[in-house]
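Spelled out, the chains give:
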Amino acid sequence: MGVSLALLGLLAFAAPWLAARLQQRFGYLAALVSGGTFVWFALQLPHVVGGAERLEELPWLPTLGTTLSLRLDGLSLTFALLITGIGALVALYVVGYLENHPRLPRFWTSLLLFETTMLGLVLADDIVLLFVFWELTSVSSFFLIGFADERPRARANAQQALIVTVAGGLALLVGLLLLAQQQGSFRLRELVTMGSLQPPETLITVAFLLILLGAATKSAQFPFHFWLPNAMEAPTPVSAYLHSATMVKAGIYLLARLHPVLGSHPWWQPSLLTLGLLTALTGAALAIPQRDLKRLLAYSTVSALGTLVFLLGLGDAGVKPFALFLIAHALYKGGAFLAAGAIEHVTERRTLDALGGLWRTAPVLAGATGLVVLVAAGLPPTLGFVSKEAILELGVETLSPLLLLPLLLAFVGQTTVAWLLLRPLLARPPESLHLHHAHWFSLLTGPMLLGLIALGGGFALDPLRSLIAAVIASVQGATPPPVKLTLWHGFTVALGTSGFILLSAGLIAAVWPRIAPVGDRLAITEPLAERPRGLGRLAPERGYQSLMSMVLRFADVQTRLLQNGYLRVYVTVIVATAILLIIVSVLRSGLTIPAPLPPLTIVDLLDAVLVLIIIVSSFVTVRATERLVAVAALGALGFSLALLYARYGAPDLALTQVLVDTLTVVLLVFAFYRLPRYAQLSSTPARIRDAVLATAFGVVMGVFALLVHFFRYPERISSYFAEQVYEAAHGRNVVNVILVDFRALDTLGEITVLGLAALGVAALLAVGKGARD
Amino acid sequence: MEFLFAIMIGTLYGCSLYLLLRRSIVKLAIGLILLGNGANLLIFSAGGLVRGRPPLVPEDATSVPAPYADPLPQALILTAIVISFGVLVFAVALIYRTYRALATDDLDDLTATDRLGEVPEAAHQPVVPVGVSASNSQDGR
Amino acid sequence: MTALPSLILRTAVRWISPLLLLFSLFLLLRGHYEPGGGFSGGLIAATGFALLTFGYSLNTARRLLRVPPITLVAVGIGLSLATGILALITGKPFLTGLWVKVPLAGTVTLELGTPLLFDVGVYLTVIGATLTMLFEFAEE
């Protein structure tokens, strides 16, 4: 497992270089690697079904008890198969979809990074590791949604998706940590076998709510669903892969994963059922009037995600239909997106009413699309049928009408979307619909294969049965009884319901041209405008909008307040803060001035003269009206300082100070020829005010200097240096040895700073030269 | 001596702050120098004043005989002196460029970053946007 | 800035600059035992080139330096970094001082260590950075 992650990750980082070299062929390579990983995971199926989990561990942050531990069980295997399998097909698809795109290398990096991190997310056994992968998928999703970064909407929507999912991610982090703290383990497999506390602690409840929030944002649950349709700004392979088949299911994966721990929590069932149904209904209702193919599919994805959460909320009984629907949906929705993308690629159109007649003009494309529709509508003998039957059977037999009716309505909506996909094939062809050249092999392999697998899945029930059993084992945390799975149940109530759904959805799809204008009038078919009208005024996205504008307003106000452009205001604030901090920390330190003052150094006449020179020269620099006077005073100050250093046991400092002082004076003389006059610009009141502040600062710093001397701590690092300098460091000059040996890392940093300053000077002055020539 | 040092440090800090608060951009650079010297002296005197005993190991010994001047502040100050020099030169270069581009030495005229076009052109040279001139710099040599 | 055509200055610089460079090497090498080291040595060497700039011209100083000063910065930082990595390779913490004893004639041995190399890196960086700044200003 680790190897497959490393391989994909390596490919992601090699992509900028390799993809530039191999051009289109890189897509085949990516598909090959991804496909190879898929095969490896598929070969693990017998082991996992047999109950043998695979574990791999690498120490990561041993002091924190965090390890790079990966685990493969039924649930993660299912996800891993979806991620790598669809990943391979999507990679193949990109070859044709983004043919000759100039920024292809960047795209590959983001896409492969996503595949790696998503795979890591479902394999991680350590919750810290899981969280890291979780956030990384959000980041790569951000780059992919904003791939067409010349479009403002792409940038804004990428940001929106990132903010929503990462905000949820933060809640998730807190929730996971709380859970781990309460249960005493960071390992998912240990958490799962522990079961939950009975009755649950308050903190567990908080943890559950936070985790649910994280999962709801990631999996586009109501009221956070709005980012998903907006994410359709991404290139279509991304929509197929991230925003329908895999990433948006991360939240659902997490809920399923934590089901053994949190499933018995009294709030689990009500909150998941409500959330799931609301989302399923909202998605279905908003999907039907959409005109844009991708938004249509996005809303139906929202509805499907809601259904999945709902099924998890049903507890153990819901797990089998959950697993079936999870797989079926990934197959047909991924396929539907790929087919829609192919249609868009050939016709350069994406709106339903502008398409038609593809049945005749592009029969192979139409065939692939039709195949996907069969699965999406849940017609026998496809996997779509099997999964829908399982859900309906459960629903008809056990659910109260209060829960069943909304579920059925959601299914009607999702099925309508499936039927609507037939419009581009069968509707009367609009005029001037031209077909463009396309890389058919690349564009159609994906939807075809996904459709065929879903079709064949209905017949190959045996391997499916064992996979489902393994998923149930992971989600329920116990070995399930043998899974009952048949293609044909006979004429049951469920079958009748299914037929009813198909018919009513077909009717809605037939009158769609009348429904879409209603959607237009309600303003739900377009992305939310800045000044929403109709139903748009009630959209949850409004909350996001007003939150963002509040943040901007706040930033504006505080920037005007704190960054007003006046240096002296900044300096005043910094100095005032420094004075305050010094006073507070001296007062709070609890140090008292020792009763007999420590022995002071006797005043020496020469030293006193030097100090006097320094004091006088500083005042001269302040009072000088000529630049050269100030520079001369600085020179005198610097040389006196050097002499003082020399007399107080610091020959190295004296040497350096003299040299720097010389160079400073030289430089200032050079530079001052070119600099403006030494002007007096401030008014007298301002000068008096500044003088008062400066005096206060000087007094505080002077007193501080004195106090530091009195409070000196007895134990000092320096004595260690003084003792070890010869024995350990083979030197005699302690100062130099500190610089080049004991604290060499600091020095390394300092010479780097010096080098950067030199670079900065060179850059600044180079700009000037170009301007004059 | 400690009291004299304290007065000296206070003076350096006070004078530097006064200069930093001036509107004239050149005084800023002088203020920076004073501030650096003041900080160095503060660290130096915090290590204690020991006259005439540098922290060197004599030929016939293997450690520094006490009393000796504290070497740690010295090491800190030594690099600080050189770095303040670098920062000062950078500041002077920045001031110089600002003056050339905006034709003012009054900090109160520099309260916005994007006023390049609004300021009257410098008397001695046309105002050239930074981006344009950077591309010319190669053929300028 | 064009050089001042002063004969005295030129003559003095002709003798003083090489001496300063020699002295800077001396300071650098003795730094581990006596006052001196990479920082002060580097500054002295930079002063020597500054004098050349005054006495002769910027171009003379540049020519005598042979390499662009910014290259010295890169080489210096690189050298210091390399001594740290050397310690890493031998399995010690980054920047640990490594010493070898080179036996010279009789009982005299010469101790060579990476801290000296590190100091050479400091020396080069200081020369490079100071001269980069100086030359750029002199060119204005």
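Definitions and cut-offs
- Residues numbered from 1 in each chain as written.
- Chains lettered and ligands numbered in written order.
- Predicted model: local features only at pLDDT ≥ 70, side-chain atom pairs only at ≥ 80, totals over all residues.
- Heavy atoms only, no water.
- Helix = DSSP H or I, 4+ residues; strand = E, 2+ residues; numbered from the N terminus.
- Rg over C-alpha atoms; globule rule 2.2 N^0.38 Å.
- Buried < 20%, exposed > 50% of the residue type's maximum accessible area, 1.4 Å probe, protein only.
- Contact = heavy atoms within 4.5 Å.
- Areas by Shrake-Rupley, 256 points an atom, 1.4 Å probe, with all protein chains shown as cover.
- Buried area = accessible area lost by both parts, 1.4 Å probe.
- Salt bridge = Lys/Arg side-chain N within 4 Å of Asp/Glu carboxyl O.
- Polar contact = N/O pair within 3.5 Å; in protein donor to acceptor, adjacent residues only side chain to side chain.
- Nonpolar A, V, L, I, M, F, W, Y, C, P; charged D, E, K, R; others polar.
- Domains from an automatic or database assignment.
- Core = buried A, V, L, I, M, F, W, Y, C linked by side-chain atoms within 4.5 Å.
- pLDDT = per-residue confidence, 0-100.
- Patch = residues over 30% accessible without salt bridge, like charges linked within 9 Å, V, L, I, M, F, W, Y side chains within 5 Å.

Looking at the overall build of chain A
Logical step 1: The secondary structure content of chain A amounts to 34 helices and 2 strands.
Logical step 2: Over its C-alpha atoms chain A spans a radius of gyration of 35 Å, topping by over 25% the 28 Å that the globule rule assigns to 773 residues.
Logical step 3: With the principal axes as the frame, chain A shows a C-alpha extent of 115 × 65 × 50 Å.
Logical step 4: Looking at chain A residue by residue over its 773 residues, the buried ones come to 56%.
Logical step 5: Partitioning the contacts of chain A with sequence separation of at least 6, the portion at a separation of at least 24 is 77%.
Logical step 6: Put simply, chain A shows about 31800 Å² of open surface, and 69% of that area lies on carbon and sulfur atoms.

Quick word on the interface of chain A and chain B
Logical step 1: Residue-level contacts link 102 residues of chain A with 94 residues of chain B.
Logical step 2: Summed over both partners, the interface of chain A with chain B comes to about 9000 Å²; 74% of that surface belongs to carbon and sulfur atoms.
Logical step 3: Ranking the residues of chain A by area buried against chain B places A:Y648, A:L681 and A:R732 at the top, with a combined share of 8%.
Logical step 4: The tally of links between chain A and chain B comes to 2 salt bridges.
Logical step 5: Two residues, A:D607 and B:R51, come together in a salt bridge whose shortest N-O distance is 3.0 Å.
Logical step 6: Inspection of the region where chain A meets chain B yields 15 residue pairs in polar contact (both at pLDDT 80 or more).
Logical step 7: When the residues that make up the side of chain A that touches chain B are grouped by side-chain class, the tally is 62 nonpolar, 22 polar and 18 charged.

Overview of the domain arrangement of chain A
Often, the extent of an interface is quoted as the loss of accessible area on bringing the components together.
Logical step 1: Annotation of chain A at the domain level lists domain 1 (271-510) and domain 2 (604-679).
Logical step 2: Each of domain 1 of chain A and domain 2 of chain A was reduced to a C-alpha centroid, and the two centroids are 81 Å apart.

Considerations on the interface of chain C and chain A
Logical step 1: With 42 residues of chain C at the interface, the matching set in chain A holds 38 residues.
Logical step 2: Approximately 3800 Å² of surface area, both sides summed, lies buried where chain C meets chain A, with 76% of it carried by carbon and sulfur atoms.
Logical step 3: At the boundary of chain C with chain A, the tally comes to 0 salt bridges.
Logical step 4: Viewed at the interface, chain A and chain C are joined by 9 residue pairs in polar contact (both at pLDDT 80 or more).
Logical step 5: For the side of chain C that touches chain A, the elements supplying multiple residues, two or more each, are α2 (38-55), α4 (69-89) and α5 (114-139) of chain C.
Logical step 6: When its residues are assigned to classes, the side of chain C that touches chain A shows 24 nonpolar, 12 polar and 6 charged.

Focus: the nonpolar core
Logical step 1: Within the largest apolar cluster, 188 residues are counted, with the highest numbers of intra-cluster contacts made by A:W108, A:L111 and A:W227.
Logical step 2: With 18 residues, helix α16 (residues 319-347) of chain A is the largest single contributor of residues to this core.
Logical step 3: When neighbours within four sequence positions are excluded, A:W227 is seen to be in contact with A:Q160, A:A161, A:V164, A:T165, A:T217, A:K218, A:A220, A:H243, A:M247 and A:V248.
Logical step 4: Among the nonpolar cores identified, the runner-up in size contains 113 residues, and A:L644, A:L659, A:I738 and C:F39 belong to it.

Structural notes on the confidence of the model for chain C
All names here are of chain C.
Logical step 1: Looking at chain C, pLDDT values average 85 and 91% of them are 70 or higher.
Logical step 2: For chain C, per-element mean pLDDT is lowest for strand β2 (residues 109-113), which scores 73, and highest for α5, which scores 91.
Logical step 3: With pTM at 0.71, the complex prediction returns an ipTM value of 0.90.

Regarding unusual backbone geometry
Residues and elements named next belong to chain A.
Logical step 1: Following F222, the chain continues into P223 via a peptide bond in cis, with omega recorded as 0°.
Logical step 2: Mapped onto the elements, P223 comes out in the loop between α9 (202-218) and α10 (227-230).
Logical step 3: Here the residue pair P380 and P381 is connected by a cis peptide bond, since its omega of 5° sits within 30 degrees of zero.
Logical step 4: Mapped onto the elements of the fold, P381 is located in the loop between α18 (363-377) and α19 (383-398).

Side note on a nonpolar patch on the surface
All names here are of chain A.
Logical step 1: On the surface, a cluster of nonpolar side chains totalling about 550 Å² of accessible area is made up of L58, W60, L68, V132, L136, V139 and F143.
Logical step 2: Looking at the nonpolar patch, the elements that each hand over two or more residues are β1 (54-61) and α6 (127-145).
Logical step 3: With 4 residues, α6 is the single largest residue contributor to the nonpolar patch.
Logical step 4: Take L68: it is sitting in strand β2 (residues 66-72).
Logical step 5: The exposure class of L68 is partly exposed, given its relative accessible area of 31%.

Concerning the side chain of A:T382
Residues and elements named next belong to chain A.
Logical step 1: Examined against the element boundaries, T382 turns out to sit in the loop between α18 and α19.
Logical step 2: Under the relative-accessibility criterion, T382 is labelled buried at 1%.
Logical step 3: Here the side chain of T382 touches L379 through a polar contact of 2.7 Å, landing on its backbone oxygen.
Logical step 4: When residues no more than four places from it in sequence are discounted, the contact partners of T382 are L374, V375, A454, L455 and G458.

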